[in-house]
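As a plain string of letters, each chain reads:
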Amino acid sequence: MLQLENLNYASNATVVFQRCSVIFTDLLLVYAVKECCLCRKFFGVDSKRQPPEQSLLKDAGFVVAVLLLGNFGLFLVDHIHFQYNGFLFGVLMLSVARILQGQLNQVLMRLFPFRRGLCHAYWAPNFWALYNFADKLAALAGTKLQFLDSSVLSKSSMTAGLVQEYSHTVLPSVTPAVTFACTVLSILPSLIHLWIQPSNERTFLRCLVSCAFGSFIFGWHVHEKAILLIIIPLSLLAVGSRADAKVFLLLAFIGHYSLFPLIFTQAETMIKVFMFLFYAMFANASLSTLHKMNPRWCGMPLLNVWELIYIMGIFPLDIYCSLGHRALGLMERLPFVPLMLTSVYCAVGICYAWLRFYKISLSNTTVKIHDE
């Protein structure tokens, strides 16, 4: 039944590619071994007392380098059997070297940046952006109504654009434990649903997207580019389901627009706007055609009227943030306002998309291609 016609196939170009690519990726292992060799205290060697005339076999660094780089098993499976284990072991040994060099705390701080604050300098458009904004409004209202001293506004510097820990002024301050609990609770229903009804691959993919949503919306010190962890796998679901396509189209506009502040110079403005519109329009046209949606006056049949109004709000928002705020002379006194407005506006749409996607995932109400 199955006929394979490439058995015993051989190509010099393929062999050269395999050999060169394995050698190239092994450079990471070489660098990791070099770092390991610097951990002389771990080997019980004091470099200050080590006599310079001793033989290489008495040099712990030389021995460990030969044992790692000349490992027979690794040479066998990578350079004869053609695999890429050396690269992966390079990552492992580099991590070990950092720990042996006493940099465990730095590694943990990079993996778990709790001291960098709840939000990044530009707030990722998630629940905590809305929380910060509500705290800011409450502080302003409190000072206007004389419930709070005006000095609290200067202390509430979460809009200073710096990466560090802050305390909220009116609302309770959020700790890493709180964000962890919220993240777990947000993804738990999807995990339970997948465990109870492991029906097909689509259910697994929906669970994956739900976990990405939960981590983005409730995670600690989330970066704005993490929205791509949602949009990219959601692309697969959008092609096969009309309901998923609606959520994807929302994020194709609002999720990608939230990345605009990353490219802030005037030279790239036209490029990012053109690419943004081209991708969003293609997503709208292709998915509408694929799911046989009747065109509306606006040409976006996958979205309802309120969603369309919200999407169209991107354009006046971008005009104000790009031109209006500076034209009004507010850039010196309130430099963070354009970023805050962008973050808060996008956070509303992303949280709405998350709730809508959760409803779809837990109810299993999907419309497949060619289904009406």
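Model, not experiment: these values are computed from the prediction.

Undergrad: An account of the overall build of the chain is needed here, citing residue identities and associated values.
TA: A tally of helices and strands in the chain yields 15 helices and zero strands. In the chain, the share of contacts with a sequence separation of at least 24, taken over all contacts with a separation of at least 6, comes to 72%. When the accessible surface of the chain is totalled, it reaches about 22600 Å², and 69% of it is carbon and sulfur.

Undergrad: Any chance you could break down the layout of surface pockets for me, citing the residues and the numbers?
TA: Roughly 730 Å³ of volume is contained in the largest pocket. Looking at the largest pocket, it is lined by 27 residues, and the ones nearest its centre are P261, F264, K272, C321 and S322. For the lining of the largest pocket, the elements supplying multiple residues, two or more each, are α12 (269-290), α14 (314-327) and α15 (337-363). Broken down by element, the residue count for the lining of the largest pocket peaks at eight residues, all from α14.

Undergrad: Would you mind going over the pattern of salt bridges in detail, with residue names and values included?
TA: Counting across every chain of the model gives five salt bridges. Two residues, E35 and K34, come together in a salt bridge whose shortest N-O distance is 3.3 Å. Here E35 falls in the buried class, since its relative accessible area comes to 8%. With relative accessibility at 45%, the residue K34 sits in the partly exposed group. In this structure, R98 and E35 form a salt bridge, with 3.0 Å as the shortest nitrogen-oxygen distance. Residue R98 is found in helix α4 (residues 85-100), and its partner E35 is found in helix α1 (residues 12-37); the two are separated by 63 residues along the sequence. Overlapping salt bridges, with partners in common, bring together K34, E35 and R98 in one network.

Undergrad: Which residues make up the packing of aromatic side chains, and what are the values?
TA: Enumeration over the complete set of coordinates arrives at 15 aromatic pairs. Aromatic side chains F253 and F276 sit 6.2 Å apart centroid to centroid with 85° between the ring planes, which places their arrangement in the edge-to-face category. With a gap of 23 residues between them, F253 in helix α11 (residues 242-257) and F276 in helix α12 connect regions that are remote in the sequence. Residue classification places F253 among the buried residues on the basis of a relative accessible area of 1%. Judged by its relative accessible area of 9%, F276 falls in the buried class. Geometrically, the ring pair formed by W354 and Y358 is edge-to-face, given 5.8 Å between the ring centres and 75° between the ring planes. With W354 and Y358 both in helix α15, this residue pair falls four residues apart, about one helical turn.

Undergrad: Explain a nonpolar patch on the surface to me, using residue names and the numbers behind them.
TA: On the surface, L56, L57, F62, V63, V66 and L67 cluster together into a nonpolar patch covering about 570 Å² of accessible area. Note that L56 resides in the loop between α1 and α2 (60-69). Classification of L56 as exposed rests on a relative accessible area of 52%.

Undergrad: Account for the nonpolar core, with residues named and values stated.
TA: Membership of the largest hydrophobic core comes to 63 residues, with the highest contact counts inside it found for F213, F216, I230, L234, F248, L251 and F253. Of all the secondary-structure elements, those providing two or more residues to this core are α6 (127-144), α9 (201-218), α10 (228-240), α11, α12, α13 (305-312), α14 and α15. By residue number, the principal contributor to this core is α15, which donates twelve residues. Those residues in contact with F248 that sit more than four places away from it in its chain are I231, L234, S235, A238, Y279, A283 and L287. Counting eleven residues, the second largest nonpolar core, distinct from the first, contains L29, C36, L94 and A97.

Undergrad: Please provide a residue-by-residue account of the packing of helix α3 (residues 72-80) against α4, values included.
TA: In contact at an axis separation of 9 Å, α3 and α4 are set at 135° when each is read in the N-to-C sense. In terms of axis orientation, α3 runs oblique to α4. Note on element contacts: α4 touches α3 through N85, G86 and F89, opposite L74, V77 and D78. Per-class residue counts for the contact of α3 with α4 are three nonpolar, two polar and one charged.

Cut-offs applied
- By convention here, each chain's residues receive numbers from 1 onward along its written sequence.
- Totals for whole chains, interfaces and linings use all residues, but because this is a predicted model, local features are given only for residues with pLDDT of at least 70 and pairs of side-chain atoms are given and counted only at 80 or more.
- As a convention, hydrogens and water are excluded, and side-chain values are obtained from all of the structure's heavy atoms.
- A run of H or I in DSSP counts as a helix once it spans at least four residues, and a run of E counts as a strand once it spans at least two, with each numbered from the N terminus.
- Residues count as neighbours in contact if any of their non-hydrogen atoms are within 4.5 Å of one another.
- Per-residue and other accessible areas were derived by the Shrake-Rupley procedure at a 1.4 Å probe size, with only the shown protein chains allowed to occlude residues.
- Residues are said to line a cavity or pocket when one of their atoms sits within 4 Å of a point; the points come from a 1 Å grid over protein atoms alone, cavities being sets where a 1.4 Å probe fits but cannot get out and pockets being open sets with protein on both sides within 12 Å along at least five of seven lines.
- Grid points are joined across faces, edges and corners, and a volume is the space filled by probe spheres set on the points.
- For this document, the term salt bridge refers to a Lys or Arg side-chain nitrogen within 4 Å of an Asp or Glu carboxyl oxygen.
- Exposed residues in this analysis have more than 50% of their type's maximum accessible area, buried residues have under 20%, and partly exposed residues fall in between, with area computed by a 1.4 Å probe over protein chains only.
- Two rings from Phe, Tyr or Trp (for Trp, the six-membered ring) form a pair when their centres are within 6.5 Å of each other. A pair whose planes differ by under 30 degrees is stacked, one over 60 is edge-to-face, and the rest are tilted.
- Patch definition: residues with relative accessible area over 30% and no salt bridge; like charges joined within 9 Å; nonpolar side chains (Val, Leu, Ile, Met, Phe, Trp, Tyr) joined within 5 Å.
- Definition of nonpolar core: a set of buried residues of the types Ala, Val, Leu, Ile, Met, Phe, Trp, Tyr and Cys, connected through side-chain atoms within 4.5 Å.
- Every angle, taken between N-to-C directions, lies between 0 and 180 degrees, and every axis is a line fitted to C-alpha atoms, over only the stretch in contact when it is a helix.
- Each angle is binned into one of four classes, with values under 35 degrees roughly parallel, values over 145 roughly antiparallel, values of 65 to 115 roughly perpendicular, and all other values oblique.
- Throughout this entry, Asp, Glu, Lys and Arg are counted as charged residues, while Ala, Val, Leu, Ile, Met, Phe, Trp, Tyr, Cys and Pro are counted as nonpolar. The remaining residues, Gly among them, count as polar.

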